[in-house]
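Structural overview
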Amino acid sequence: MKIFKVLAVSAMALGMTSCVSKKQYDALSSNYKQCIENIGERQREIQDLKSQNSALTGENNLLKSQHDALKSSLDACLSNTGKSSANIDKLVGEINASNTYIKQLISSNAKNDSLNLALSNKLKRSLDNVSDEDVQVKVLKGVVMISLSDKMLYKTGDYNILPAAQEVLGKVAKVINDYDKYSVLIEGNTDNAALNSPNLPRDNWDLSALRGTSVAKVLQTQFGVDPARITAGGRSEYNPKATNMSVSGRAENRRTEIIIMPKLDEFMKLMDIAPKK
C-alpha cells in the first residue's frame, strides 16, 4: 500500500511539471521509476511464494491421506475382536512412528523450500540487469533452475563460451559458491536441427554435452566452483521446452540449464528418518 501511495504522489507531481523546477521534476521522475522496479521485484517474489505454497499444500494433502488410511486401519483393528492386543499395540506404534516421520519430513521440506527460495531471489537480484530472454531463474520441484540461452553463451553450432557470457557466469558462480552445501548439475540442450560433421561436434548429442562441460570448466577454472560439486552432460534435442516447429520454439529449446539442488546425502538423511517396518 505504501508503494502505491508513493506512486500516486509521484504521478501527481509528474502531472504538475509546470509548477516545479527541473531538478524537482527529475527527482520525482527517478523516484517513480524506482517504485515501478520495486513493484516488479515484489510481484516476482509473490509469484515464487505462491508456487511454493501450492507445492507444500499438495504434499500436506498427501500426508493427511496417508494418516487417514493408517487411522482407518486402526479403527478396523479395534472393531475386530479376533485381533490380539499385541497386534493393536504394534499398529499403534507404527502410527506413532509414522506421525513422527511426517513431522520431521514436513520440517525438512520447509527448511529446504526456504533455502531454495532465498537462493532463487538472490540469483534474480544478481541477474537483474540481464535480459529475461537470455536468463530465466525459477524453483521447480525443490530445486533452483537457471536457464541460459545459447545465443548468449556460444556462436551457432559451437561450444566455446563467448567473452560476453563471462559476466553472467561469474554472477551465477558467486551465488553457487555462497551455497556450498548444494550440488550443481549442468545440462546442454539443443533443438532438432540436424548437425552432421566429421569433426566435433558431430551431432546434437556431442554439441549438447560439450556445451555442458564448457560451462562447467568456466565455473571451475575461472570462478573457483569446486568441481566435485559439478555434474555436466547433454540431453541433445530430447528435452524440449517448446515445439521445434517454430523459430521461437527452437530458440527456446537451445539452452544450457544450471540446476542447483541439495546434495544426495541430504536426501539420504530423510530416508534414514523413515520408520522401520
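Conventions and cut-offs
Residues numbered from 1 in each chain as written. Predicted model: local features only at pLDDT ≥ 70, side-chain atom pairs only at ≥ 80, totals over all residues. Heavy atoms only, no water. Helix = DSSP H or I, 4+ residues; strand = E, 2+ residues; numbered from the N terminus. Buried < 20%, exposed > 50% of the residue type's maximum accessible area, 1.4 Å probe, protein only. Contact = heavy atoms within 4.5 Å. Areas by Shrake-Rupley, 256 points an atom, 1.4 Å probe, with all protein chains shown as cover. Phe/Tyr/Trp six-rings, centres within 6.5 Å; stacked < 30°, edge-to-face > 60°. UniProt positions renumbered as here; feature names shortened; annotations may be inferred. Core = buried A, V, L, I, M, F, W, Y, C linked by side-chain atoms within 4.5 Å. Pairing = 2+ DSSP bridges. Axes fitted to C-alpha atoms, helices over the stretch in contact; angles between N-to-C directions. 1 Å grid on protein atoms, 1.4 Å probe; cavity = no way out; pocket = protein on both sides within 12 Å on 5 of 7 lines; lining within 4 Å. Points joined across faces, edges and corners; volume = space filled by probe spheres on them. Nonpolar A, V, L, I, M, F, W, Y, C, P; charged D, E, K, R; others polar. Salt bridge = Lys/Arg side-chain N within 4 Å of Asp/Glu carboxyl O.

Here we come to the overall build of the protein. Counting secondary structure elements, the protein contains 8 helices and 5 strands. Walking the protein from its N terminus toward its C terminus, one meets helices and strands in the order α-α-α-β-β-α-α-β-α-β-α-β-α. Of all 277 residues assigned to the protein, the portion counted as buried reaches 33%. In the protein, 68% of the contacts between residues at least 6 apart in sequence involve partners at least 24 apart. Carbon and sulfur atoms make up 55% of the accessible area of the protein, which totals about 16900 Å².

The next point concerns the packing of aromatic side chains. By convention here, two paired aromatic rings are described through the distance between centres and the angle between planes. Summed over the entire model, instances satisfying the criterion amount to 2 aromatic pairs. Arranged with centres 6.0 Å apart and planes meeting at 85°, the rings of Y179 and Y182 form a pair that is edge-to-face. You'll find Y179 and Y182 in the same group, each marked buried. Geometrically, the ring pair formed by W205 and Y238 is tilted, given 5.6 Å between the ring centres and 35° between the ring planes.

On to the UniProt feature "coiled-coil region" (unreviewed entry) in the protein, then. Mapped onto this numbering, the UniProt entry annotates "coiled-coil region" (unreviewed entry) at residues 32-66. Within residues 32-66, the helical portion is 100% and the strand portion 0%, while the C-alpha atoms at the span's ends are 52 Å from each other.

By size, the foremost hydrophobic cluster in this structure holds 29 residues, and its most contacted members are L148, L169, V215 and I258. For this core, the elements supplying multiple residues, two or more each, are β1 (135-140), β2 (143-149), α4 (150-153), α5 (166-178), β3 (182-189), α6 (204-221) and β5 (255-262). Of all the elements, α5 adds the most residues to this core, at 6 residues. For I258, the residues in contact, after removing those within four places along its chain, are V144, M145, I146, L148, L169, V172, I176, V184, L185, I186 and V215.

Turning our eyes to something else, we now look at the sheet that holds β2. Across the sheet, which stays open at both edges, the 5 strands sit in the order β1-β2-β5-β3-β4 with mixed pairing between neighbours. Each having just a single partner strand, β1 and β4 (230-234) make up the two edges of the open sheet. Here the strands of the sheet are splayed against their neighbours by 15° on average, with no regard to which way each runs. Here 5 bridges tie β3 to β4, and the two strands are oriented parallel to one another. Its bridge partner being in β4, V184 is matched across the sheet by I230. Sheet strands touched by α5: β1, β2, β3 and β5. Its angle to β5, the strand with the most contacts, is close to 10°. α6 rests against β3, β4 and β5 of the sheet, and its axis sits at about 155° to β4.

The residue V144 is located in strand β2 in this model. Taking the C-alpha atoms as reference, V144 lies 9.8 Å from V184; in sequence the two are 40 residues apart.

With the rule as written, the count across this model stands at 1 cavity of 30 Å³ or more. Estimates place the volume of the largest cavity at around 40 Å³. As for the largest cavity, its lining consists of Q136, V137, K138, M145, I146, S147, K241 and E257. Mapped by element, the contributors of at least two residues to the lining of the largest cavity are β1 and β2. For the lining of the largest cavity, the per-class residue count stands at 3 nonpolar, 2 polar and 3 charged.

The tally for this structure, following the rule as stated, stands at 9 salt bridges. Across the pair R254 and D150 runs a salt bridge, and its minimum N-O distance is 3.3 Å. On the criterion of sequence distance, the pair formed by R254 in the loop between α7 (247-253) and β5 and D150 in helix α4 is long-range, its members being 104 residues apart.

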